[in-house]
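Architecture at a glance
Chain by chain, the residues run as shown.
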Amino acid sequence: MPKKPLFANLTSAFFAAGLTLFLGASVMGLRLNSEGITLGVELASTQTFVELGLAGLLVFLFQLFRDHLPKLSSNTSAKLAIPSFLRTDKQQRLWLMLTLGALLLFPFTTGRSNIDLATLVLIYIMLAIGLNIVVGLAGLLDLGYVGFYAVGAYTYGLLYTYFGFSFWQALPVAGLFAAITGWLLGYPVLRLRGDYLAIVTLGFGEIIRLLLNNLTELTGGPNGVSRIPKPTLFGLEFSRRGDNTFHEFFGIAYDPVHRVIFLYILALLLVILSIYVVRRLIRMPIGRAWEALREDEIACRSLGMSPTNIKLSAFTIGATFAGFAGAFFATRQSFISPESFAFIESAIILAIVVLGGMGSQLGVVLAAIAMVLLPELAREFNEYRMLLFGLMMVLMMIWRPQGLLPAKRPHRELKTTNAEVK
Amino acid sequence: MLQLEDVHTHYGAVHALKGVSLDVKKGEIVTLIGANGAGKSTLMMTICGDPKASQGRITFQGEDITHTPTNKIMRNGLSVVPEGRRVFTGMTVEENLAMGAYFQSKDIKEQQEERVLNLFPRLKERFHQRAGTMSGGEQQMLAIGRGLMDEPELLLLDEPSLGLAPIIISQIFEIIQQLRETGTTIFLVEQNALKALAIADRGYVLEHGKLVMQDTGKNLLANEDVKKAYLGG
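Residue numbering note: each chain is counted from 1, following its sequence as written. In the order they appear in the text, chains get letters beginning with A and ligands get numbers beginning with 1. Since the coordinates come from a predicted model, pLDDT governs what is reported: local features require at least 70, and pairs of side-chain atoms require 80 or more to be given and counted, while whole-chain, interface and lining totals use all residues. By convention in this description, side-chain values take in all heavy atoms of the structure and omit both hydrogens and water.

Examining the sheet that holds strand 4 (residues 55-60) of chain B
Note on sheets: strands pair through backbone hydrogen bonds, and any given pair is parallel or antiparallel. All names here are of chain B. Spatially, the four strands line up as an open sheet ordered 2-1-4-5, and their pairing is antiparallel. Of all strands in the sheet, those with a lone pairing partner are strand 2 (14-24) and strand 5 (63-64), marking the two edges. Of the pairings in the sheet, the one linking strand 4 to strand 5 comprises two bridges and is antiparallel in character. Bridge pairing in strand 5 links Phe60 to Glu63. Working rule for contacts: check all heavy atoms of both residues, and any pair within 4.5 Å makes them a contact. Helix axes use the C-alpha atoms of the stretch in contact, all axes being lines fitted to C-alpha atoms, and the angles between their N-to-C directions lie in the range 0 to 180 degrees. Each helix is a run of H or I in the DSSP string that is no shorter than four residues. Each strand is a run of E no shorter than two, and both are numbered from the N terminus. Helix 1 (residues 40-47) rests against strand 1 (2-11), strand 2 and strand 4 of the sheet, and its axis sits at about 115° to strand 1. We call two strands paired when DSSP finds no fewer than two bridges between them.

Details of the domain arrangement of chain A
For the domains described, the bounds stem from an automatic or database domain assignment. Parsing chain A into structural domains produces domain 1 (10-68) and domain 2 (101-399). The gap between the C-alpha centroids of domain 1 of chain A and domain 2 of chain A is 40 Å.

What to know about the interface of chain A and chain B
With 27 residues of chain A in contact, the opposing surface of chain B contributes 28 residues. Once two parts are brought into contact, the accessible area they lose, counted with a 1.4 Å probe and summed over both, makes up the buried area. When chain A packs against chain B, close to 2500 Å² is buried across both sides, 56% of that on carbon and sulfur atoms. Only one rule defines a salt bridge in this text: a Lys or Arg side-chain nitrogen within 4 Å of an Asp or Glu carboxyl oxygen. Here chain A is connected to chain B by three salt bridges. The salt bridge involving Arg301(A) is made with Asp50(B); its shortest N-O contact spans 2.9 Å. At the level of elements, helix 12 (285-295), helix 13 (297-302) and helix 18 (416-420) of chain A are the ones that each hand at least two residues to the side of chain A that touches chain B. When residues in the side of chain A that touches chain B are grouped by element, the largest group, seven residues, is from helix 12 of chain A. Residues are grouped as follows: Ala, Val, Leu, Ile, Met, Phe, Trp, Tyr, Cys and Pro are nonpolar; Asp, Glu, Lys and Arg are charged; every other residue, Gly included, is polar. For the side of chain A that touches chain B, the residue count by class is eleven nonpolar, six polar and ten charged.

Remarks on unusual backbone geometry
Glycine aside, residues mostly have negative phi angles, and peptide bonds mostly take the trans form. Residues and elements named next belong to chain B. A cis geometry characterises the amide bond from Asp50 onward to Pro51, with omega recorded as 5°. The residue Pro51 is located in the loop between helix 1 and strand 4 in this model. For Arg86, which is not a glycine, the phi torsion comes out positive at approximately 50°. Note on placement: Arg86 falls in the loop between strand 6 (78-81) and helix 3 (93-100).

A closer look at the packing of aromatic side chains
For Phe, Tyr and Trp, where Trp contributes only its six-membered ring, two rings pair if their centres lie within 6.5 Å, and the inter-plane angle classes them as stacked under 30 degrees, edge-to-face over 60, or tilted in between. Using the criterion set out here, one finds 17 aromatic pairs over all chains in the structure. Note on Phe163(A) and Phe165(A): the rings are 6.5 Å apart at their centroids and 65° apart in plane angle, and the pair reads as edge-to-face. An aromatic cluster is defined as three or more aromatic residues linked by ring pairs; in this entry it consists of Phe238(A), Phe246(A), Phe249(A), Phe250(A) and Phe262(A). Any Lys NZ or Arg CZ that is within 6 Å of a ring centre and within 35 degrees of that ring's normal is treated as a charge sitting over the ring. Positioned over the ring face of Tyr187(A) is Arg191(A), at 5.5 Å from the centre of the ring. Of note, Arg75(B) hangs over the ring of Phe103(B), and the distance from its end group to the ring centre comes to 3.8 Å.

Quick word on a nonpolar patch on the surface
Residue and element names in this part refer to chain A. Only residues whose relative accessible area exceeds 30% and that form no salt bridge are eligible for patches; like-charged ones are grouped when within 9 Å, while nonpolar side chains (Val, Leu, Ile, Met, Phe, Trp, Tyr) are grouped when within 5 Å. For the area figures, the Shrake-Rupley method with a 1.4 Å probe applies, and any residue is considered shielded solely by the protein chains shown. There is a patch of nonpolar side chains on the surface, built from Val27, Met28, Phe381, Tyr384, Leu387, Leu388, Leu391, Val394, Leu395, Ile398 and Trp399 and spanning about 1100 Å² of accessible area. For the nonpolar patch, the secondary structure elements donating two or more residues are helix 1 (10-28) and helix 17 (385-399). When residues of the nonpolar patch are assigned to their parent elements, the largest contribution, seven residues, is made by helix 17. Structurally, the position occupied by Met28 is in helix 1. Residue classification places Met28 among the partly exposed positions, given a relative accessible area of 39%. Buried, partly exposed and exposed residues are distinguished by accessible area as a fraction of the type maximum, computed with a 1.4 Å probe on protein chains only: under 20%, between the cut-offs, and over 50%, respectively.

As for the packing of helix 4 (residues 89-105) of chain A against helix 11 (residues 257-283) of chain A
Packed helix pairs are characterised by how far apart their axes lie and by the angle those axes make with each other. All names here are of chain A. At a minimum axis distance of 10 Å, the contact between helix 4 and helix 11 shows a crossing angle of 155°. Between helix 4 and helix 11, the angle is such that the two are roughly antiparallel. Side by side, helix 4 and helix 11 meet where Leu100, Leu103 and Leu104 of the first sit next to Tyr264, Ile265, Leu268 and Ile272 of the second. When grouped by side-chain class, the residues that make up the contact of helix 4 with helix 11 number seven nonpolar, no polar and no charged. Under this scheme an angle from 65 to 115 degrees is roughly perpendicular, one under 35 degrees roughly parallel, and one over 145 degrees roughly antiparallel; angles in between are oblique.

Let's talk about the pattern of salt bridges
Residues and elements named next belong to chain B. Tallied over the entire structure, the rule returns 18 salt bridges over all chains. Here Arg180 ties to Asp201 by a salt bridge, and the two come within 2.6 Å at their closest N and O atoms. Of the two residues, Arg180 sits in helix 7 (residues 166-181) while Asp201 sits in the loop between helix 8 (193-199) and strand 9 (202-207), which places them 21 residues apart along the sequence. A relative accessible area of 29% means that Asp201 is categorised as partly exposed.

A closer look at the side chain of Arg332(A)
Residue and element names in this part refer to chain A. For Arg332, the position within the fold is in helix 14 (residues 307-333). Pairs of N or O atoms within 3.5 Å make up the polar contacts considered here, provided that, within protein, one atom can donate a hydrogen while the other can accept it, and that residues adjacent in sequence are counted only when both atoms are side-chain atoms. Looking at Arg332, its side chain comes within polar contact range of the main-chain oxygen of Asp116, at 3.2 Å. Of note is the side chain of Arg332, whose polar atom sits 3.3 Å from the side chain of Gln333. Ignoring sequence-local partners within four residues, the contact set of Arg332 consists of Asp116, Thr119, Leu120, Ile123, Lys230 and Leu263.

A word on the environment of Gly304(A)
By secondary structure assignment, the location of Gly304(A) is in the loop between helix 13 and helix 14. Gly304(A) gets classed as buried once you look at its relative accessible area, which sits at 0%. Along the sequence, Gly304(A) and Trp168(A) sit 136 residues apart, while their C-alpha atoms lie 41 Å from each other. Contact partners of Gly304(A), with chain neighbours within four places excluded, come to Asn71(B), Met74(B), Arg75(B) and Phe103(B).

What to know about the confidence of the model for chain A
Residue and element names in this part refer to chain A. Model confidence for chain A is summarised by a mean pLDDT of 84, while 90% of its residues fall at 70 or above. pLDDT runs from 0 to 100 and stands for how confident the predictor is about each residue. Confidence scores differ between elements of chain A, with helix 18 showing the lowest mean pLDDT of 41 and helix 6 (residues 146-163) the highest of 95. Within the model, pLDDT remains below 50 along residues 73-79, and this stretch shows five contacts once partners closer than five positions in the same chain are excluded. Ignoring residues within four places in sequence, the model shows residues 412-422, a span with pLDDT below 50, making 15 contacts including any to other chains.

This is the structure we're talking about:
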């Protein structure tokens, strides 16, 4: 590619700098001042404007010389090749075991808040793995995924409230109900494609939330469902007093951290199970069919597949995982309300899938960790938290538009003989 | 084997097929030629049940398939190689072929895979390569191979020569003849009338949604009107 002249980007640089100044001035340049009961608007300090000017200049210079900056993006995939100690199956299994061991030991080495945070990460991993089937593998843009999460959570909450179900009894039912909801909602909408599908699923997600909010007699409306019991370990409760408590059974002193650790391990097991199931699904014909469908719907039809059924299976299976995650969320929080299932949750889960690399399991796990941890770690930046979050997204889109770890397709190496023997 | 009786097809208000009747007998190569927009692809897709015929009757192996859903039609001894190849570019040759035998037992799958690979030695060389990285001719071979994977009695080919180099086109047409020898009946829709008529037992000429001519391939090649309209004088 021939080098562009030095000032080829002059107009776009002016434009970008102007936009920066305009947005910066309108967000930071004015200040609201309350004097008694009246609100006055005044200009911010000179220092703010000087900083704004510098920021504008920086943007201008960056845009102007963009093409002459050393490329950061070009060879990232080469850098991210599988390190040598992960090449063989045996080594991979060893590292997998070590990671699992570390994850199991983790809660015993750290404090309660960290374990709680890790559990939250695990919930998002589970959700993202489910959504990854729908978005990453089957290529259906679902913006209402949180609806199934809500169905799972409310299934447990309401089954407990009305019928006294325990967590373990409710968990499969929650998955089943979420699957049924997915099937029912998927059936009419999966004939749509792309943007239209996204809009309709967005609507369905909101409908579920609004239903939960307004069926006050059944769901408690905005008050939610409270006092949902924690799960038990083979009937042993993690409470201070009770008939059959964990610490009495094992003859150790009561410690509230036990319950937190138990929840963490439970979430870990659910995540491992989800990853395992999805891995198997990807290698099964149905996984191939999802992928084929994402690539070319007409070709699939010409091969006698029914796109609606294949999409429906992806939608339903994806919803099932959200149902499990929802039931777990309900038991962890003890309290659920429609507020927990707003659109922003769908957006975050979708962002995890996209950031991780569509269809890639490991990528999704890493992205879930990043997406949940970063906002937590960035708490000290207060109101700039979401701004940083946005910045991270923009940078990701520039440097790694395919996600952290783009999906590598599994290959069956069964019949090498056929190809090599000539 | 395949029979169309007075088939009409509408796209909304557009009357694309205006009463087409034709038949394909077992073991034949039958070709349908016509200019752009004559309704060739529409006819092909109507046989596959998408869009459905608004009038008339389509029977395949004695069974009325006029109102059968597309996925059922495609699973019962009929395969189509869609226009523009449409292989799964992200998948390997092996996986593309496997998708073709999605509803077949493992035995049939392996047996057909061997047959396809013998027919197209090129695909054997590229067995683990991603389809998107192959040339147009190889992709067309793969598309035909994929169509053959579920042991079709009748193979519908929609413009297999589209966008290919002349030498590759010749190869493809040779393979089509080979296919007939192994017992597959072929219905070929083509713009390349010269090549298509040369290998066809019989041919139909479609104009503005109506069949205007039908004869043996040889006679059509020699026909003055056909020469003028489709063979460049």
